[in-house]
Amino acid sequence: MDIEDIRSQREYVDHCKKVHSYSPAVNKILDLSASYIPDAEKAYRDGGKQAVWCNAIGWQVPLVYALDTIPVSFSEMGRLSDKETMLISEDYYQFPVETCSMVKCTVAQWHLRRNTSTINRILGNSSACEPYNLAWEIMKREGYDVYNNDVVYRGPTVEGKRLEDLISFLEEQIYDIAAWLTGSREIDEEKLRLEIQRKNRLLEKMRTILELRRKHPFYVRSLATILMLNVGLNSYFGKPEEYEEALDLLRGELENAPVNETDLQKVIPLVWAGGTGQEFGIYEAIDEAGGALLGLRSVPFKLYREDVPPVESLARWVYDNAGAGAGVYARNVLEHEVNRLNARGIILYGYIGCSFASVDREMWRKYFHERGIASINLEGSFQTGAPSGQVMTRVKAFIEMLS
Ligand code: SF4
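All values derive from a computational prediction rather than experimental measurement.

A. Region of the structure containing the sheet that holds strand β7 (residues 345–351). Sheet architecture is open: four strands sit in the order β6-β5-β7-β8, paired in parallel fashion. In this open sheet, the two edge strands, each paired with only one partner strand, are β6 (291–296) and β8 (374–380). Strand-to-strand twist in this sheet, taken as the mean axis angle between neighbours without regard to direction, amounts to 35 degrees. As paired elements, strand β5 (residues 268–273) and β7 share four bridges and run parallel to each other. The residue bridging W272 from the neighbouring strand is I347, located in β7.

Written out as structure tokens, the structure is:
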């Protein structure tokens, strides 16, 4: 399939597989990404396996796996949606047109699954955003069993006792989630410890891969990079062992791939400062313009502590990491990535209708501009076809300016 023929995100993934025909590892990762939601739903429906819709990021994932449940990322369900599905949210639930398309897609997918035998539990997170908070409230009315933990937020100056109080509060909420999911506040510490060790092991493997990518900047192109890191490293696509095997395979491929000096001379290292966009054409535009997403805002640098009880380790990781709330934490990650990679620029990407991320992006743009680091601010909606001329022109002009 040619890029011009692409009509949906699924077709983008197929196209990406073709582009990476030289790499069984990248193909495996893309297959895991594409089968994540259907396979999790099938395991729940046919195999009696417990599963829960959730953010599938950070601390939730080791916890949910330790409770013998598959964490199923609801934003992935939205991403594999289409424009017509999204319209359900506007027409049936009367979401304003300008509401973030990620949320509208997710709501529509839950709508289509109402009163079926699929996963009917949603683990929300009040720290996410107002549109998602609204979505969870609506889904409660539609018959889903929804649990929202309280907002997790650490202001930039919060230290000492205040910080310890926040950590204790989150620990209590983690036990509450266990009670909601299993009927008991008891958490098998040994299982959770093993999940934390798994997470740390995967983080270390990913760091090695990210280092190897510096010598092979075009081996894993932009879309595959985003899915491998933003989705895979968080959720393991519902299949931890297979995801780990794919990373091992990729590491072997990168270690054995010959270095192409021409690629090293022409590459424009970039840092991606956005979530996982639904507008896959943007990634294509970056690839076509000669950019390489070698650093991501969501790259988790910090390991989970293994010297404290495992529930405490989850809570400490949250407040000690980029997702602690204030935009400065994520900005520090971006700056670290820019310095580590000698990146030439930052791509700030967000959705139309996402008010809080647009504030963050504006603050980061100003901060990096003052330090002489170029950035481009892209705003997207659910644009499923080939990249639009306007996006191509802007991305190309930005990358040409950096070269
Ligand atoms: S892009 Fe913004 S509004 Fe949309 S789901 Fe993400 S945080 Fe929420």
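B. Highlighting helix α10 (residues 222–235). Helix length check: α10, at 14 residues, gives a terminal C-alpha distance of 19 Å against a target of 20 Å (1.5 Å per residue), a fit within 8%. At M228, α10 shows its maximal bend, which comes to roughly 25 degrees. At the exit of α10 stands Y236, carrying a positive phi of roughly 60 degrees.

C. Examining the pairing of strand β4 (residues 145–149) more closely. Of the pairings in the sheet, the one linking strand β3 (residues 121–125) to β4 comprises five bridges and is parallel in character. Residue pairing in the sheet places G124 in a bridge with N148 of β4. Note that the unit made of β3, helix α7 (residues 130–141) and β4 has a crossover that is right-handed.

D. Representation of the confidence of the model for the protein within the structure. On average, residues of the protein score 90 in pLDDT, and 97% of them reach the 70 mark or higher. Per-element mean pLDDT across the protein ranges from 82 in helix α4 (residues 74–79) up to 98 in helix α11 (residues 240–256).

E. Local environment of the site of the ligand. Surrounding the ligand, one finds C100, M102, V103, C129, P131, Y132, Y351, C354 and F356. Within the residue set of the shell around the ligand, elements represented by two or more residues are α6 (101–113) and α7. Split into classes, the residues belonging to the shell around the ligand amount to nine nonpolar, no polar and no charged.

F. How the structure looks around the pattern of salt bridges. Applying the stated criterion across every chain, the model contains 37 salt bridges. Between E172 and R185 there is a salt bridge, with the nearest N and O atoms lying 2.8 Å from each other. In this pair, E172 sits in helix α8 (residues 160–182) while R185 sits in the loop between α8 and α9 (189–213), placing the two residues 13 residues apart along the sequence. When its relative accessible area of 41% is taken as the criterion, E172 is described as partly exposed. One salt bridge in this structure joins E370 and K366, with 3.0 Å as the shortest N-O distance. Linking E370 with K366, this pair stays in helix α16 (residues 355–370), spanning four residues, or about one helical turn.

G. Region of the structure containing the nonpolar core. By size, the foremost hydrophobic cluster in this structure holds 115 residues, and its most contacted members are W53, Y243, L250 and W272. Ranked by size, the runner-up nonpolar core spans 17 residues in total, among them A273, L341, A343 and L348.

H. How the structure looks around the pairing of strand β2 (residues 69–73). Counting buried residues in β2 gives five out of five residues, a clear majority hidden from the surface. Residue alternation in β2 divides its side chains into two sets, T69, P71 and S73 and I70 and V72, and both sets are buried. Sheet analysis places strand β1 (residues 50–54) next to β2, joined by five bridges and oriented parallel. Within β2, the residue paired with Q50 across the bridge is T69. Handedness of the β-α-β unit built from β1, helix α3 (residues 60–66) and β2 comes out right-handed.

I. Molecular detail of the packing of helix α1 (residues 9–19) against helix α2 (residues 24–47). At a closest axis distance of 9 Å, the pairing of α1 and α2 adopts a crossing angle of 165 degrees. Here α1 is positioned roughly antiparallel relative to α2, judged by the angle of their axes. The two elements α1 and α2 cross, and the hand of that crossing is left-handed. Contacts from R10, V13, C16 and K17 in α1 reach N27, L30, D31 and A34 in α2. Split by residue class, the contact of α1 with α2 holds four nonpolar, one polar and three charged.

J. Structural context of the environment of M77. For M77, the location among the structural elements is in helix α4. For M77, a relative accessible area of 3% translates into the label buried. A C-alpha to C-alpha distance of 9.5 Å links M77 and W53, two positions 24 residues apart in sequence. Setting aside its immediate chain neighbours within four residues, M77 contacts I37, W53, T106, Q109, W110 and R113.

Conventions used here
- Sequence positions are assigned chain by chain, starting from 1 and proceeding in written order.
- For a predicted model such as this one, the threshold for reporting local features is a pLDDT of at least 70, and the threshold for listing and counting side-chain atom pairs is 80 or more; totals across whole chains, interfaces and linings nevertheless cover every residue.
- To get the side-chain values, all heavy atoms of the structure are used, and hydrogens and water are removed first.
- Think of it this way: DSSP has to see at least two bridges between two strands before they count as a pair.
- Elements are defined by DSSP. Helices are runs of H or I of four residues or more, strands are runs of E of two residues or more, and each kind is numbered from the N terminus.
- In this analysis an axis means a line fitted to C-alpha atoms, helices contributing only their contacting stretch, and an angle means the value between N-to-C directions, from 0 to 180 degrees.
- Multiplying 1.5 Å by the helix residue count minus one yields the expected span of that helix.
- What we call the bend at a residue is the angle made by axes fitted to the seven residues finishing there and the seven residues starting there.
- Every crossover in which the path from the first strand over the helix to the second runs clockwise, viewed with the strands pointing away from the viewer, is termed right-handed.
- Residue-level confidence of the predictor is what pLDDT reports, using numbers from 0 through 100.
- Any residue with a heavy atom lying within 4 Å of a molecule or strand is counted as near it.
- Classification convention: Asp, Glu, Lys, Arg as charged; Ala, Val, Leu, Ile, Met, Phe, Trp, Tyr, Cys, Pro as nonpolar; all other residues, Gly among them, as polar.
- Only one rule defines a salt bridge in this text: a Lys or Arg side-chain nitrogen within 4 Å of an Asp or Glu carboxyl oxygen.
- Classification of residues uses two cut-offs on accessible area relative to the type maximum, computed with a 1.4 Å probe and protein chains only: under 20% is buried, over 50% is exposed, and between them is partly exposed.
- Here the nonpolar core consists of buried residues drawn from Ala, Val, Leu, Ile, Met, Phe, Trp, Tyr and Cys, with membership extended through side-chain atoms lying within 4.5 Å.
- Any angle from 65 to 115 degrees is called roughly perpendicular, while one under 35 is roughly parallel, one over 145 is roughly antiparallel, and all others are oblique.
- Each crossing gets its hand from how the near helix is turned against the far one by less than a right angle, where anticlockwise is left-handed and clockwise is right-handed.
- Residue contacts are counted whenever heavy atoms from the two residues lie within 4.5 Å of one another.

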